[in-house]
Amino acid sequence: MNPELIIVNPQIEKHIALIQINRPKELNALNRQVMTEIRDALKAFDEDENVRVIILTGGEKVFAAGADIKQMADATAISMLSIDQFSTWDQIKKTKKPIIAVVSGFALGGGCELAMTCDMIVASETAQFGQPEINIGTMPGAGGTQRLTRAVGKALAMEMVLTGKFISAQEAHKVGLVNKVVPVEVLIKEAITLAKSIAQKSPIAVQLAKESVNKAFESSLDEGLQFERKNFYLTFASEDQKEGMAAFIEKRKAEFKGK
């Protein structure tokens, strides 16, 4: 990993890994190199049996203030197609383990899209979310018109995308974009607490449950129900299911091993 772009900690707590975007002078602007580093770190953690939950943050001051415009300003439609930068985003979306975005300060444009690509968002009181691409003559391209609409509804998404309006952490929480809002000084602590509560569960069940919730975002109710049912049955092929139910019956804490 390139420490100039991101910082990684494979064990910030037991079974919890952390990735931090590290371009403070550029307000953590997301260029192709940063996204490649994030993708590679997520892939490595996804394959690491010791990691069960991943935290993605930009630090206490800013999550990511958008894409690196200098890298895009002179691009053409053909050059953008040939780069195919969104294949990196598609690979990030395929991460099997839960990802918690920890957002403080600006999460704008690509930064907002990156946060929404994660599974949950814990925000500080200073967080602001927005898709201001319209102000520079373009529009969201990494899921901003799709995930934002599914998260906050058509009316607010349309207003944010067409005017470039930002919303506060408090409003984002009210409309369901973020899970919780906390003071910046306890932001990482709150994210770790949430991650710990997930890391204690069966990794197999967590993975299948994550897939099923995401399916609800992407399909009809009938398709989602069928997918959920298949994954429910699959949990009964795991040792974790046997251990979890035995522990419940025996009134003890389950010891999940991801098998």
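Residues numbered from 1 in each chain as written. Predicted model: local features only at pLDDT ≥ 70, side-chain atom pairs only at ≥ 80, totals over all residues. Heavy atoms only, no water.

Glancing now at the overall build of the protein chain. Scanning the protein chain from N- to C-terminus turns up 11 helices and nine strands. Computed over its C-alpha atoms, the radius of gyration of the protein chain comes to 19 Å, within 12% of the 18 Å expected for a compact globule of 259 residues. When burial is assessed residue by residue, the protein chain has 42% of its 259 residues classed as buried. At a minimum sequence separation of 6, the contacts of the protein chain that also span at least 24 residues come to 66%. Roughly 14000 Å² of accessible area belongs to the protein chain as shown, and the carbon and sulfur atoms make up 56% of that amount. The average position of the 32 basic charges and that of the 32 acidic charges among the side chains of the protein chain differ by 4 Å. (Helix = DSSP H or I, 4+ residues; strand = E, 2+ residues; numbered from the N terminus. Rg over C-alpha atoms; globule rule 2.2 N^0.38 Å. Buried < 20%, exposed > 50% of the residue type's maximum accessible area, 1.4 Å probe, protein only. Contact = heavy atoms within 4.5 Å. Areas by Shrake-Rupley, 256 points an atom, 1.4 Å probe, with all protein chains shown as cover. Lys, Arg positive; Asp, Glu negative; His and termini not counted. Charge placed at Lys NZ, Arg CZ, Asp CG, Glu CD.)

Quick look at the environment of Ala247 now. Locating Ala247 in the fold gives a position in helix α11 (residues 239-249). Apart from residues no more than four positions distant in its own chain, Ala247 is found in contact with Arg252, Lys253 and Ala254.

Topologically, Asn28 is positioned in the loop between β2 (16-21) and α1 (32-46). Polar side-chain contacts of Asn28 include one of 3.1 Å to the backbone oxygen of Phe63. Not counting residues within four places of it along the chain, the set of residues in contact with Asn28 comprises Ile21, Asn22, Arg23, Gly58, Val62, Phe63, Ala64, Ala65 and Gly66. (Polar contact = N/O pair within 3.5 Å; in protein donor to acceptor, adjacent residues only side chain to side chain.)

What follows is about the sheet that holds strand β8 (residues 166-168). Spatially, β5-β7-β8 is the arrangement adopted by the three strands of the open sheet, whose pairing is mixed. Looking at which strands have only one partner, the edges of the open sheet turn out to be β5 (106-108) and β8. The mean inter-strand angle of the sheet, taken between neighbouring strand axes irrespective of direction, is 20°. Of the pairings in the sheet, the one linking strand β7 (residues 128-130) to β8 comprises three bridges and is antiparallel in character. Bridge pairing links Phe129 to Ile167 in β8. Against the sheet, helix α4 (residues 110-117) makes contact with β5 and β7, and its axis sits at roughly 90° relative to β5, the strand it touches most. (Pairing = 2+ DSSP bridges. Axes fitted to C-alpha atoms, helices over the stretch in contact; angles between N-to-C directions.)

Let us now look at the packing of aromatic side chains. For the structure shown, the criterion picks out three aromatic pairs. Here Phe106 and Phe166 contribute two aromatic rings whose centre-to-centre distance is 6.1 Å and whose plane-to-plane angle is 65°, an arrangement assigned as edge-to-face. Residue Phe106 is found in strand β5, and its partner Phe166 is found in strand β8; the two are separated by 60 residues along the sequence. Relative accessible area serves as the criterion here: at 30%, Phe106 is assigned to the partly exposed category. Relative to Tyr233, the ring of Phe232 has its centre 5.9 Å away and its plane inclined at 50°; by these criteria the two rings are tilted. Since its relative accessible area comes to 54%, Tyr233 is described here as exposed. Members of the aromatic cluster, each reached through a chain of ring pairs, are Phe232, Tyr233 and Phe236. (Phe/Tyr/Trp six-rings, centres within 6.5 Å; stacked < 30°, edge-to-face > 60°.)

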